[in-house]
Amino acid sequence: NRPFALNFWLNYSKGGVIFSHGSKDNALQLDVTDNKTYIRLANKVLAEAEALPKDAWIFVSISVAYEMDKSYLTLDYAMDAQTKQVFNRVNLGAYEGSGTLNFGGSMVGSIHEVSLWNTARTAEQAFSEKDETKAPYTQGLIGYWKMDEGVGLEAKDLARARHIILPNAHAW
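Here is a short report on the structure shown in this document. The shown structure was predicted, so the numbers you read here are calculated from the model rather than taken from an experiment.

Another aspect to go through is the nonpolar core. With 38 residues, the main nonpolar core has Leu10, Leu28 and Leu52 as its most contacted residues. With near-sequence residues (within four places) excluded, leucine 28 lies in contact with Phe4, Phe19, Ser20, His21, Ile39, Arg40, Leu41, Val64, Leu73, Leu92 and Tyr95. Among the nonpolar cores identified, the runner-up in size contains six residues, and Trp9, Ala123, Ala126 and Phe127 belong to it.

Within a sheet, adjacent strands bond to each other through the backbone by hydrogen bonds, running parallel or antiparallel. The strand order across the open sheet formed by six strands is β8-β7-β6-β1-β10-β11, and the pairing between neighbours is antiparallel. In this open sheet, the two strands that pair with only one neighbour each are β8 (82-93) and β11 (141-145). Taken pair by pair, the neighbouring strands of this sheet meet at an average axis angle of 20°, ignoring direction. As judged from the eight bridges shared by strand β1 (residues 4-14) and strand β10 (residues 108-117), these two strands associate in the antiparallel manner. Bridging from a neighbouring strand, leucine 6 pairs with leucine 116 of β10.

In this section: the pattern of salt bridges. Summed over all chains, the structure comprises nine salt bridges. Between glutamate 48 and lysine 36 there is a salt bridge, with the nearest N and O atoms lying 3.2 Å from each other. Residue glutamate 48 is located in strand β5 (residues 44-50), and its partner lysine 36 is located in strand β4 (residues 36-41); the two are separated by twelve residues in the primary sequence. The class of glutamate 48 is partly exposed, set by a relative accessible area of 43%. The salt bridge partner of arginine 89 is glutamate 67, with a shortest N-O separation of 3.1 Å.

Turning our eyes to something else, we now look at the pairing of β5. Residues in a regular strand point their side chains to alternate faces of the sheet. Where β4 lies against β5, six bridges are found, and the strand directions are antiparallel. If you follow lysine 36 over to β5, its bridge partner there is glutamate 50.

Reading guide: rules and limits
- Residues numbered from 1 in each chain as written.
- Predicted model: local features only at pLDDT ≥ 70, side-chain atom pairs only at ≥ 80, totals over all residues.
- Heavy atoms only, no water.
- Core = buried A, V, L, I, M, F, W, Y, C linked by side-chain atoms within 4.5 Å.
- Buried < 20%, exposed > 50% of the residue type's maximum accessible area, 1.4 Å probe, protein only.
- Contact = heavy atoms within 4.5 Å.
- Pairing = 2+ DSSP bridges.
- Helix = DSSP H or I, 4+ residues; strand = E, 2+ residues; numbered from the N terminus.
- Axes fitted to C-alpha atoms, helices over the stretch in contact; angles between N-to-C directions.
- Salt bridge = Lys/Arg side-chain N within 4 Å of Asp/Glu carboxyl O.

Interpretation in functional terms is not warranted from these geometric data alone.
Pasting the structure below:
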């Protein structure tokens, strides 16, 4: 059980799965469905809130921290000069925090500048760097996909060369 943070830019026009992480039996998922934002673990709804803003670029900050064999998720976003906390310390229970990281699903939209960190981070830390290109050797950065290639079937990981294989060339 290791803390982590995930930050990315998002602009979607149709809801669906935004990201999932973990194994089949213990997958953490963020999705927007029926005008609500959901946090699910192993397909069980742990929390719901109003939908993330649609048809606009927002910067999303997700942080998972561990305390005494329990994990807690916090989700914030920034849009223009405004910030909003969507979830504050949602108890994920015994979430394992390991496994495959996936983006998209049934969501229609765009994601870019995805950064994965090996520690929980505050929204303030993430927001202060949201407009900066990360250096591959940035301390704590364990995954960085700019997702700006525009062609091909691969999104390159500039931090550790763990490239993402896209479902098809039309994913751009």
